[in-house]
Amino acid sequence: METYIFSDIFDIGALQGLSEALSAAFGVGIGVRDQHGKYLFRSIGNGPLQNLLEESPVKGGSDGQDSEVEYQAFTPIVRFCQSVGLADAVIPVMTGNVLTAFLQVGWVRLSDQEI
């Protein structure tokens, strides 16, 4: 199976700066993780991002060996916290048919109509 390394495709420094600016402007947490779930970067100052990857399909890494976990492609996951009216989401980033990374957004306040 073909694989891609996110940092070979995108400029991590430029994306970090963009995510920090978006995070500050919108007041949300933003992070990007590689296909193994390791954070490449995440915004600072908007709280921890919920680990929604625990709900994602996995291949490898589950056989009791030290093999690295690799997530499979999936549809975006959105979780709502009704008590505070916030949502977290994780969206797979695909390069062709290959999972390259995950975009994770947290602490998003939805409009009253969407809650």
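What to know about the overall build of the chain
- Scanning the chain from terminus to terminus reveals two helices and seven strands.
- Each helix (α) and strand (β) of the chain, taken in turn from the N terminus, gives the series α-α-β-β-β-β-β-β-β.
- Of the roughly 6,900 Å² that the chain leaves accessible, carbon and sulfur atoms contribute 55%.

Re helix α2 (residues 12-26)
- Here α2 is 15 residues long and its end C-alpha atoms lie 21 Å apart, about the 21 Å a rise of 1.5 Å per residue gives.
- Regarding α2, its N-cap is Asp11, as a side-chain oxygen of that residue lies 3.1 Å from the backbone nitrogen of Gly13 further along.
- Looking one or two places after α2, you find Gly27, whose phi comes out positive at around 70°.

A few points about the environment of Ala24
- Along the chain, the position of Ala24 falls in helix α2.
- On the basis of relative accessible area, Ala24 is assigned to the exposed category, the value being 63%.
- As for Ala24 and Ser43, which are separated by 19 residues in sequence, their C-alpha atoms are 8.6 Å apart.

Some words on the side chain of Thr100
- Tracing the backbone shows Thr100 in strand β7 (residues 98-109).
- If near-sequence neighbours (up to four positions away) are discounted, Thr100 is found in contact with Tyr4, Phe6, Ile9, Asp34, Gln35, Val93, Met94 and Thr95.

Focus on the pairing of β7
- Alignment of strand β1 (residues 29-34) against β7, held across six bridges, turns out to be antiparallel. Bridged to Gly31 within β7 is Gln104.
- Alignment of strand β6 (residues 86-95) against β7, held across nine bridges, turns out to be antiparallel. Residue pairing across strands places Met94 opposite Leu99, the latter belonging to β7.

Some details on the sheet that holds strand β5 (residues 77-81)
- Pairing within the open sheet is antiparallel, and its five strands lie in the order β2-β1-β7-β6-β5. With partners counted over all chains shown, the strands left at the sheet margins are β2 (39-42) and β5, one partner each. With strand direction ignored, the average angle separating the axes of adjacent strands in the sheet is 15°.
- The strands touched by α2 within the sheet are β1 and β2, with β2 carrying the most contacts at an inclination of about 40°.

Focus: the confidence of the model for the chain
- Of all residues in the chain, 81% attain a pLDDT of 70 or more, and the chain-wide mean is 79.
- The least confident element of the chain is strand β3 (residues 58-59), whose mean pLDDT is 70; the most confident is α2, at 89.

Some points on the side chain of Ser43
- Note that Ser43 resides in the loop between β2 and β3.
- Separated by 3.3 Å, the side chains of Ser43 and Ser23 make a polar contact.
- Excluding residues within four positions of it along the chain, Ser43 makes contact with Ser19, Glu20, Ser23, Val28, Gly29 and Ile30.

Basis of the calculations
Residues numbered from 1 in each chain as written. Predicted model: local features only at pLDDT ≥ 70, side-chain atom pairs only at ≥ 80, totals over all residues. Heavy atoms only, no water. Helix = DSSP H or I, 4+ residues; strand = E, 2+ residues; numbered from the N terminus. Areas by Shrake-Rupley, 256 points an atom, 1.4 Å probe, with all protein chains shown as cover. Expected span 1.5 Å × (residues − 1). Polar contact = N/O pair within 3.5 Å; in protein donor to acceptor, adjacent residues only side chain to side chain. Buried < 20%, exposed > 50% of the residue type's maximum accessible area, 1.4 Å probe, protein only. Contact = heavy atoms within 4.5 Å. Pairing = 2+ DSSP bridges. Axes fitted to C-alpha atoms, helices over the stretch in contact; angles between N-to-C directions. pLDDT = per-residue confidence, 0-100.

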